[in-house]
Amino acid sequence: MNISVCPGFSLPGQSLGDEQLHDGKVAVDQGVVGSWSCKPNALNERLAEAIAIVEQSSQSRPGTLLHPVIENFRLFIESDPTVYVGFHQMFEQVPTKPPYDNDPSGNPQVRDYNLMLRLFDHIIHAAPKYEDNVFVGFPINAILEWPMGTAAGFAMFCRPDVNAHFKNIFDVWARYLSSPESRYVLNDGPTGWFGEPASKALPDFARTYVCDPSAPHYGFRSWDDFFTRRFRPGVRPVGDPHDHHVITNACESTVYRIAHGVVLTDRFWLKGQPYSLLNMLDHDDLAPRFAGGTVYQAFLSAISYHRWHAPVDGTIVRVVHVPGTYYAEAPCEGFPNPDPAGATLSQSFITSVATRAIIYIEADNPAIGLMVFMAVGMAEVSTCAVGVQEGQRVTKGDELGMFHFGGSTHCLVFREETKVAFNFGIAEGADVKLNEPIARVLL
């Protein structure tokens, strides 16, 4: 069962509270697969704590300058009239009635881009901590949760220039999360990643993942080194490695959707979010070969293993990196009736618009033939790092790449000629281990 969560983030030496959240909703109870968002009250509590830290810092250190990358974003917003209007309206279009009005203490929630930028400045100097019964989520996504559901927010978050500034911010944050300084959350305290609460969510950590429990920080060089940790040999053996008709799971993940007869172009922004192959594959000349085919989509939780592995034996035909959005969510999930889990509920939509990496594989088995593995970044840093190149041979279980830092979902795409029969139990909401058989191709 996947429990929806809200983010925790703190600066070294600071704590946003170690109390357990009791009002995170159970995703399956809402018909939502794997929501990483919170109920409004829990979301507001976390934001209120972050705002309090930012306000206290401003009062104790008046005139404190923003990081240059944040200041550049501010100058960009204020120098472009259209963007300036948009970044005002995305907050103004959020209703002032509950649950969108105030935090639990009665203080106004984030209502302007200046406070937004100060919170961003706080976040890029911090590493995610562990919180009881919640997955480490997305602090910036929490700030933008309601603005993402507005018309102005959608317009702004779809702009390439806005996303370029987000990428610049994430590049700075990524350097911090890749530095030794980010290891301060890798400890055995109540909100440390090796503490008792975290150990319940990540049982048998030392036997499951490559690490050294006797070394400081378990031997991890940075928070990202921890995030991209490897399984120990033998922990996730490849199922039916010599049977070329078996397709294995490329990521440790939860099934989001399986769709057959997918068309080349569809209105992917409407309710139901149908897959649109040409948009997903960035109008690649190979895209038409998948018309009428099958899409299997599954997402990775925040505490998952974040590396990708080959689902078939074959040859890498093409690797494509597609820049895209970070915070655009499907318009059908926005106001007037937004869901706090709008970003998670937009997983099909973002396969057409978000930052992603596309790997075309020609399977050795001609009954499978050409297929696609697609990694899709969800919010925050959204780094999709490909580790293979064109012409390279891979066998089932070989590493293809990894996600860094942020949320993630992925797709396998098959041609119409590839008759894929998914195994019993491989259905929406099912948790599937890496390298586990998920389907068999029929002759």
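Residues numbered from 1 in each chain as written. Predicted model: local features only at pLDDT ≥ 70, side-chain atom pairs only at ≥ 80, totals over all residues. Heavy atoms only, no water.

**Topic: the packing of aromatic side chains**
Following the criterion strictly, the structure yields 30 aromatic pairs and no others. On the basis of an interplanar angle of 70° and a centroid distance of 5.4 Å, the ring pair of Phe 73 and Phe 166 is categorised as edge-to-face. Separated by 93 residues along the polypeptide, Phe 73 in helix H2 (residues 68–79) and Phe 166 in helix H7 (residues 160–177) bring together distant segments of the chain. Judged by relative accessible area, which is 0%, Phe 73 ranks as buried. In this structure Phe 166 comes out as buried when scored by relative accessible area, which is 0%. With centroids separated by 3.8 Å and ring planes inclined at 10°, the aromatic side chains of Phe 194 and Tyr 218 adopt a geometry described as stacked. Of this pair, Phe 194 sits in the loop between H7 and helix H8 (196–201) while Tyr 218 is found in the loop between helix H9 (205–208) and helix H10 (223–227), placing the two residues 24 residues apart along the sequence. Assessed through its relative accessible area of 10%, Phe 194 is described here as buried. Every member of this aromatic cluster is reached through a ring pair, and the members are Tyr 130, Trp 193, Phe 194, Phe 205, Tyr 209, Tyr 218, Phe 220, Phe 226, Phe 231 and Tyr 305. (Phe/Tyr/Trp six-rings, centres within 6.5 Å; stacked < 30°, edge-to-face > 60°. Helix = DSSP H or I, 4+ residues; strand = E, 2+ residues; numbered from the N terminus. Buried < 20%, exposed > 50% of the residue type's maximum accessible area, 1.4 Å probe, protein only.)

**Focus on the confidence of the model for the chain**
In the predicted model, the chain carries a mean pLDDT of 84, and the fraction of residues at 70 or more is 81%. This model gives residues 1–11 a pLDDT under 50, and the stretch forms 60 contacts once residues within four places in sequence are excluded. In this model, residues 103–107 is a region of pLDDT below 50 whose contacts with residues beyond four sequence positions or in other chains number eight contacts. (pLDDT = per-residue confidence, 0-100. Contact = heavy atoms within 4.5 Å.)

**Examining the pattern of salt bridges**
One pass over the full model with this rule turns up 15 salt bridges. Of the charged contacts in the structure, one is a salt bridge between Arg 74 and Glu 71, with a shortest N-O distance of 2.3 Å. Of this pair, Arg 74 and Glu 71 both sit in helix H2, separated by three residues, roughly a single helical turn. Relative accessible area serves as the criterion here: at 25%, Glu 71 is assigned to the partly exposed category. Of the charged contacts in the structure, one is a salt bridge between Asp 225 and Arg 221, with a shortest N-O distance of 3.4 Å. Residue Asp 225 is classed as buried on the basis of its relative accessible area of 16%. (Salt bridge = Lys/Arg side-chain N within 4 Å of Asp/Glu carboxyl O.)

**With respect to unusual backbone geometry**
Of note in the backbone geometry, Asp 240 takes a positive phi value of approximately 45° without being a glycine. Here Asp 240 shows up in the loop between H10 and strand S3 (246–248). Exposure remark for Asp 240: the relative accessible area of 41% places this residue in the partly exposed category. Phi is positive for Gln 273, which is not a glycine, with a value near 45°. Mapped onto the elements, Gln 273 comes out in the loop between strand S4 (253–262) and helix H11 (277–280).

**Considerations on the pairing of strand S16 (residues 437–442)**
As paired strands, S3 and S16 are joined by three bridges and run antiparallel to one another. Within S16, the residue paired with Val 246 across the bridge is Arg 440. Here strand S14 (residues 419–422) runs beside S16; their pairing, made up of four bridges, is antiparallel. Bridge pairing links Val 420 to Val 441 in S16. (Pairing = 2+ DSSP bridges.)

**Brief notes about the sheet that holds strand S6 (residues 307–309)**
With respect to topology, three strands assemble into an open sheet ordered S6-S12-S10, the strand pairing being antiparallel. For this open sheet the edge positions go to S6 and strand S10 (383–386), each flanked by a neighbour on one side alone. Adjacent strand axes in the sheet meet at a mean angle of 20° when their direction is disregarded. Of the pairings in the sheet, the one linking S6 to strand S12 (residues 399–404) comprises three bridges and is antiparallel in character. Residue pairing in the sheet places His 309 in a bridge with Glu 399 of S12. (Axes fitted to C-alpha atoms, helices over the stretch in contact; angles between N-to-C directions.)

**Notes on the sheet that holds S3**
The three strands are arranged S3-S16-S14 in an open sheet whose pairing can be described as antiparallel. Two strands in the sheet have a free side with no partner beyond their single neighbour: S3 and S14. With direction set aside, neighbouring strand axes in the sheet form an average angle of 35°.

**As for the environment of Ser 301**
Examined against the element boundaries, Ser 301 turns out to sit in the loop between strand S5 (293–300) and S6. By relative accessible area, Ser 301 is classed as buried at 11%.

**Considering the nonpolar core**
Judged by nonpolar contacts, the single largest core of 90 residues is most densely connected at Phe 73, Phe 87, Met 116, Phe 120, Leu 144, Phe 166 and Tyr 327. Ignoring anything within four residues of it in the chain, the contact list for Phe 73 reads Phe 87, Leu 117, Phe 120, Val 162, His 165, Phe 166 and Ile 169. Among the nonpolar cores identified, the runner-up in size contains 36 residues, and Val 255, Leu 300, Val 388 and Phe 414 belong to it. (Core = buried A, V, L, I, M, F, W, Y, C linked by side-chain atoms within 4.5 Å.)

**Overview of the packing of H2 against H7**
Between two packed helices, both the angle of their axes relative to each other and the distance between the axes serve to describe the pair. Two elements in contact, H2 and H7, have axes separated by 9 Å at closest approach and are oriented at 165°. The orientation of H2 with respect to H7, classified from their angle, is roughly antiparallel. Viewed along their axes, H2 and H7 form a crossing whose handedness is left-handed. Of the residues in H7, those in contact with Val 69, Ile 70, Asn 72, Phe 73 and Phe 76 of H2 are Asp 161, Val 162, His 165, Phe 166, Asn 168, Ile 169 and Val 172. Its residues assigned to classes, the contact of H2 with H7 shows eight nonpolar, three polar and one charged. (Parallel < 35°, antiparallel > 145°, perpendicular 65-115°, else oblique. Left-handed = near helix turned anticlockwise from the far one by under 90°. Nonpolar A, V, L, I, M, F, W, Y, C, P; charged D, E, K, R; others polar.)

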